[in-house]
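# Structural overview for review
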Amino acid sequence: QVQLVESGGGLVRPGESLRLSCVTSQFRFSISGMRWYRQAPGKLREWVAMIYADGSTEYADSVKGRFIISRDNAKNTMFLQMNNLKPEDTAVYSCYADLGAYWGKGTQVTVSS
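One structure accompanies this document, and this report is about it.

Take the overall build of the protein next. In terms of helices and strands, the protein carries zero helices and 11 strands. For the protein, the C-alpha radius of gyration of 13 Å lies close to 13 Å, the compact-globule estimate for 113 residues. Put simply, the protein has 113 residues, and 41% of those count as buried. Counting only contacts in the protein whose residues sit at least 6 apart along the sequence, the fraction spanning at least 24 positions is 52%.

Written as structure tokens, this is what we have:
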């Protein structure tokens, strides 16, 4: 059974950093594009970043220059390094696999002073 499990969320102050992880199992991770999405309370789910199987990346304008997406194919894991966090980054962050359209359950990120 394919699983995507996020971790690394938490409560931080504005300007601080967090690193999210998405560990996958029973899944051909190395050949799949992978994405991060987020959903804030009362808002629609928003695409954050993606990394293709070849390692190339794309970012939403709202996070460009602050977030870095990466992957470790040997560990079947995707990461999201989030720097200079802002209150508007508060959301549940979920990972998504293009191959098979699998979702993780998400991890909460709260940015507040």
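Moving on, we get to the state of the cysteines. The tally for this structure, following the rule as stated, stands at one disulfide. Disulfide pairing places Cys 22 opposite Cys 95 at an S-S distance of 2.1 Å. Across the disulfide from Cys 22 to Cys 95, rotation about the S-S bond amounts to roughly 65 degrees, and the bridge is consequently right-handed. Here Cys 22 is found in strand S3 (residues 18-25), whereas its partner Cys 95 is found in strand S9 (residues 91-97), with 73 residues between them in sequence. By the burial criterion, Cys 22 is buried, and Cys 95 matches it.

Quick look at the side chain of Thr 24 now. In this fold, Thr 24 is placed in strand S3. The exposure class assigned to Thr 24 is buried, which follows from its relative accessible area of 4%. Among the polar contacts listed, one links the side chain of Thr 24 to the backbone oxygen of Asn 76, at a separation of 2.9 Å. Those residues within four positions of Thr 24 in sequence are excluded, and the remaining contacts are Gln 3, Leu 4, Phe 29, Met 34 and Asn 76.

Basis of the calculations
Residues numbered from 1 in each chain as written. Predicted model: local features only at pLDDT ≥ 70, side-chain atom pairs only at ≥ 80, totals over all residues. Heavy atoms only, no water. Helix = DSSP H or I, 4+ residues; strand = E, 2+ residues; numbered from the N terminus. Rg over C-alpha atoms; globule rule 2.2 N^0.38 Å. Buried < 20%, exposed > 50% of the residue type's maximum accessible area, 1.4 Å probe, protein only. Contact = heavy atoms within 4.5 Å. Disulfide = S-S within 2.5 Å. Polar contact = N/O pair within 3.5 Å; in protein donor to acceptor, adjacent residues only side chain to side chain.

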